[in-house]
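# A closer look at the structure
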Amino acid sequence: MFERLVTEAPLFFNYHNMVFIGQAMARTLGMTLIGCGVGFVFGMLIAVVRQTTSSLLWPVRLVVISYVEFFRRIPFLVILFIVLFVIEPLMPGTSLFGIATVSVCLLSTAFLSEIIRSGLESVPRAQVETAQILNFNVLQTLMMVVLPQSWRVILPPAAAFIVMFIKDTSLASQLGVIELTFAGKMLINRGFSPILGFGAILVCYFALSYPLSRFAAYLERRLAPS
Amino acid sequence: MHHLEIRNISSSYGKLEVLRDVTLSADKGEVVSLIGPSGSGKSTLLRVLIGLTPPTGGNVYIGGNKVDYNSRKSLKDLRGHMAIVFQQYNLFQNMNVLRNVTIAPVKIKKKPREEAEVRARGLLQKVGMEEKADAYPDELSGGQQQRVAIARALATSPEILLLDEVTSALDPERVKEVLDTIRSLTHEGITLIIVSHEMAFVREVSTRVAMMDQGKIVEVGPPEQIFRSPVESRTRDFVSKILSH
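Residues numbered from 1 in each chain as written. Chains lettered and ligands numbered in written order. Predicted model: local features only at pLDDT ≥ 70, side-chain atom pairs only at ≥ 80, totals over all residues. Heavy atoms only, no water.

### A short note on helix α2 (residues 15-51) of chain A
We count it as follows: The numbering of helices and of strands both runs from the N terminus, where a helix is a DSSP run of H or I of at least 4 residues and a strand a run of E of at least 2. Take the residue count of a helix, subtract one, and multiply by 1.5 Å to get its expected span. By the criterion applied in these results, polar contacts are pairs of N or O atoms within 3.5 Å in which, for protein atoms, one can donate a hydrogen and the other can accept it, and in which residues neighboring in sequence qualify only through two side-chain atoms.
Its 37 residues place the ends of α2 of chain A 53 Å apart at the C-alpha level, agreeing with the 54 Å of an ideal helix rising 1.5 Å per residue. Its side-chain oxygen placed 3.2 Å from the backbone nitrogen of His 16 of chain A, Asn 14 of chain A serves as the N-cap of α2 of chain A.

### A short note on the packing of helix α3 (residues 58-71) of chain A against helix α5 (residues 96-121) of chain A
Angle between the axes and distance between the axes: these two values describe a pair of packed helices. Residues and elements named next belong to chain A. Put simply, the rule is: Angles here are taken between N-to-C directions and fall from 0 to 180 degrees, while the axes themselves are lines fitted to C-alpha atoms, restricted in helices to the stretch in contact. Our angle categories are set so that under 35 degrees counts as roughly parallel, over 145 as roughly antiparallel, 65 to 115 as roughly perpendicular, and the remainder as oblique. Whether two residues are in contact is decided by their heavy atoms: any pair within 4.5 Å suffices. In the scheme used here, Gly and all other residues not listed as nonpolar or charged are polar, with Ala, Val, Leu, Ile, Met, Phe, Trp, Tyr, Cys and Pro taken as nonpolar and Asp, Glu, Lys and Arg as charged.
In contact at an axis separation of 9 Å, α3 and α5 are set at 110° when each is read in the N-to-C sense. Classified by the interaxial angle, the pair formed by α3 and α5 is roughly perpendicular. When α3 is examined against α5, the residues Tyr 67, Val 68 and Phe 71 are found in contact with a partner set consisting of Cys 105, Leu 106, Leu 107, Thr 109, Ala 110, Ser 113 and Glu 114. Class assignment of the residues belonging to the contact of α3 with α5 gives a composition of seven nonpolar, two polar and one charged.

### With respect to the interface of chain A and chain B
Much of the literature gives interface size as the accessible area that the parts lose upon coming together. Just so we agree on the cut-off: In short, buried area is how much 1.4 Å probe accessible area vanishes from two parts on joining, totalled over both. A carboxyl oxygen of Asp or Glu within 4 Å of a side-chain nitrogen of Lys or Arg is what we treat as a salt bridge.
At the junction of the two partners, chain A supplies 17 residues and chain B supplies 24 residues. When the two sides are added together, the surface that chain A and chain B hide from each other amounts to roughly 1800 Å², 60% of it contributed by carbon and sulfur. Scanning the region where chain A abuts chain B turns up one salt bridge. Arg 47 of chain B is the salt-bridge partner of Glu 129 of chain A, the closest N and O atoms lying 2.8 Å from each other. For the side of chain A that touches chain B, the elements supplying multiple residues, two or more each, are α6 (125-133) and α7 (138-168) of chain A. Here the side of chain A that touches chain B gets seven residues from one element, more than from any other, and that element is α6 of chain A. Considering only residue class, the side of chain A that touches chain B consists of nine nonpolar, seven polar and one charged.

### Considerations on the sheet that holds strand β6 (residues 82-85) of chain B
Residues and elements named next belong to chain B. Note the cut-off: If DSSP finds at least two bridges between two strands, the strands pair.
Pairing in this open sheet of six strands is mixed, and the strands run β6-β7-β8-β3-β9-β10 from one edge to the other. This sheet does not close on itself; its edge strands, each paired only once, are β6 and β10 (216-221). Here the average twist between neighbouring strands, direction ignored, is 20°. Here β6 runs beside strand β7 (residues 160-164); their pairing, made up of four bridges, is parallel. In the sheet register, Val 85 faces β7, and the bridge partner there is Leu 163. Sheet strands touched by helix α2 (residues 72-81): β6 and β7. Its angle to β6, the strand with the most contacts, is close to 70°.

### Describing the sheet that holds strand β4 (residues 57-62) of chain B
Residue and element names in this part refer to chain B. One open sheet accounts for four strands, arranged β2-β1-β4-β5; its pairing is antiparallel. Each edge of the sheet is formed by a strand with only one pairing partner; in this case those strands are β2 (16-26) and β5 (65-66). Most of the contacts of helix α1 (residues 42-50) go to strand β1 (residues 4-13), to which it runs at about 110°, and overall it touches β1, β2 and β4.

### Considerations on the pattern of salt bridges
What counts is decided by this rule: Here the term buried applies to any residue with accessible area under 20% of the maximum for its type, exposed to any over 50%, and partly exposed to those in between, with areas from a 1.4 Å probe on protein chains only.
Across all of its chains, the model carries 21 salt bridges over all chains by this definition. In this structure, the salt-bridge partner of Arg 7 of chain B is Glu 5 of chain B, at a minimum N-O distance of 3.1 Å. The partly exposed category is assigned to Arg 7 of chain B, whose relative accessible area is 33%. Among the charged side chains, a network of salt bridges with common partners joins Arg 50, Glu 69, Arg 72, Arg 73, Glu 114, Arg 117 and Glu 121 of chain A.

### What to know about the pairing of β1 of chain B
All names here are of chain B. Bridging between β1 and β2 involves seven bridges; their strand directions are antiparallel. Directly across from Ile 6, in β2, lies its bridge partner Leu 24. Between β1 and the antiparallel strand that follows it, β2, lie two residues; Gly 14 among them carries a positive phi value of about 60°. In this sheet, β4 lies alongside β1 in antiparallel orientation, the contact comprising five bridges. Bridge pairing in β4 places Arg 7 opposite Asn 59.

### Some points on the packing of aromatic side chains
To keep things clear, this is the line we draw: For this analysis, a ring pair means two rings from Phe, Tyr or Trp (six-membered ring only for Trp) whose centres lie within 6.5 Å, classed as stacked if their planes differ by under 30 degrees, edge-to-face if by over 60, and tilted for the remaining angles. Only when the NZ atom of a Lys or the CZ atom of an Arg is both within 6 Å of the ring centre and within 35 degrees of the ring normal do we say a charge sits over the ring.
In this structure the tally under the stated criterion is 12 aromatic pairs over all chains. Relative to Phe 71 of chain A, the ring of Phe 70 of chain A lies with its centre 5.3 Å away and its plane at 85°, an arrangement referred to as edge-to-face. Considering the side-chain rings of Phe 136 of chain A and Phe 92 of chain B, the 5.8 Å spacing of their centres and the 45° angle between planes classify their relative orientation as tilted. Separated into two different chains, Phe 136 of chain A in the loop between α6 and α7 and Phe 92 of chain B in the loop between β6 and α3 (97-108) make up a pair that spans both. Three or more aromatic residues link up through ring pairs in this structure, and these residues are Phe 76, Phe 111, Phe 161 and Phe 165 of chain A. The positively charged end of Arg 190 of chain A is found above the aromatic ring belonging to Phe 20 of chain A, 4.9 Å away from the centroid. The ring of Phe 92 of chain B carries the charged tip of Arg 152 of chain B above its face, separated from the ring centre by 4.9 Å.

### Some points on the side chain of His 3 of chain B
Residues and elements named next belong to chain B. Mapped onto the elements, His 3 comes out in the segment before β1. The exposure class assigned to His 3 is buried, which follows from its relative accessible area of 12%. Here the side chain of His 3 touches Glu 159 through a polar contact of 3.4 Å, side chain to side chain. If we ignore the near neighbours within four places in the chain, the residues touching His 3 are Ala 26, Asp 27, Lys 28, Tyr 61, Ile 62, Gly 63, Glu 159, Ile 160 and Thr 191.

### Quick look at the nonpolar core
Just so we agree on the cut-off: For this analysis, a nonpolar core means a set of buried residues of the types Ala, Val, Leu, Ile, Met, Phe, Trp, Tyr and Cys, connected via side-chain atoms within 4.5 Å.
The biggest cluster of nonpolar side chains holds 37 residues, and the ones touching the most others in it are Leu 124, Leu 161, Ile 182 and Leu 192 of chain B. Contributions of two or more residues to this core are made by β6, α3, α4 (113-126), α5 (142-155), β7, α6 (172-183), β8 (191-195) and α7 (199-205) of chain B. Top contributing element to this core by residue count: α5 of chain B, with seven residues. With residues near it in sequence (within four places) discarded, Leu 192 of chain B still touches Glu 30, Val 31, Val 32, Leu 161, Leu 163, Ile 182, Leu 185 and Thr 186 of chain B. Phe 71, Val 83, Val 104 and Ala 172 of chain A belong to the second largest nonpolar core, which has 34 residues in total.

This is the structure we're talking about:
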């Protein structure tokens, strides 16, 4: 087996294959970052809406709570197919990458909203009341008092979630998106040894997630109370 | 009409009536203290006054104007005249001392930052905290945080200041520094409504004392009356228990 690796290696590590793996890596990273970035923004909106108490907003709260509870309970693979079968007839020609990214958005919005919500709720109620009696409006209270105090509760689990999602995007290979896992499969189908093919993919997944974990750890230290 | 008029205020948490028909008034610059056992509604009355707990009945007038606790505009107006200091200080943990004191004047009242900082430093000096202007709340002792909280409340130039058991969470040694700070406010024309268990202090600084029990005001009078010759037997019970300690 070792001999096979030695003879195959120069063939495997050629320019064409490296570009191919590089593009697949970019798709994996792209789906994750775009998906989780959008998910973070909408997750924040949902978390804020859920903090409101106004009776006028209860229908909105009902909608967002149903959304979160629903999407947190379906497997990512199923979401991928639902999105595929909904978008395909409505907007034919949408790329598989686009469909997968939308799926990531849908799921990450639900999960990140819960992470952000628990962060917002970690700030003592008295801090919010104090802001109220100093005549802060809702947005000022959020931006100046609540968010600055909740980042260090939000960021570690949010980063862990995003790192986890780098790995979960491998499910998009089932749709035919040429991301890392699918690329590995294709290389093996071209006759390369699985150890080389998936070994390279494994290194790529590590190279994507490790720096992100370190970055999160760094942020966590920086945001810790003085 | 008095500067602050509380008329027949009631409030309940669910079915539990916490305030029943509370009527009380204070003239400008007066120091009115609320005493009474735990759970008698003293702190709730302050929370109702500042609009954190909705009243279920009654009215509050400030300078002759009725406060509408359901209207955001009226609440905003009210909080321009009235400030509160809590038992747990509630300084913003993400801001240093100076910013805690300047944030409302700068961001809410749109005062120029420099002007607000000069004034904030003046107030911090007054409460003896000018040297800690750059410190964060978690670097300060409880007494120091409480004095900063008083400076923050004063920075909004309130006519009425509510003090909710401001020394209850402090070490005995720190109580004095906070009480000294409050004492220095009693001659500045600010109306003070004080909830406190520091009976000696209440007796010394108050112009009037209100005894509360089970959500009602039992007796109101000058400190000498309340502490020396209370009319109501409930007051007599409470005072004799407290003073015999």
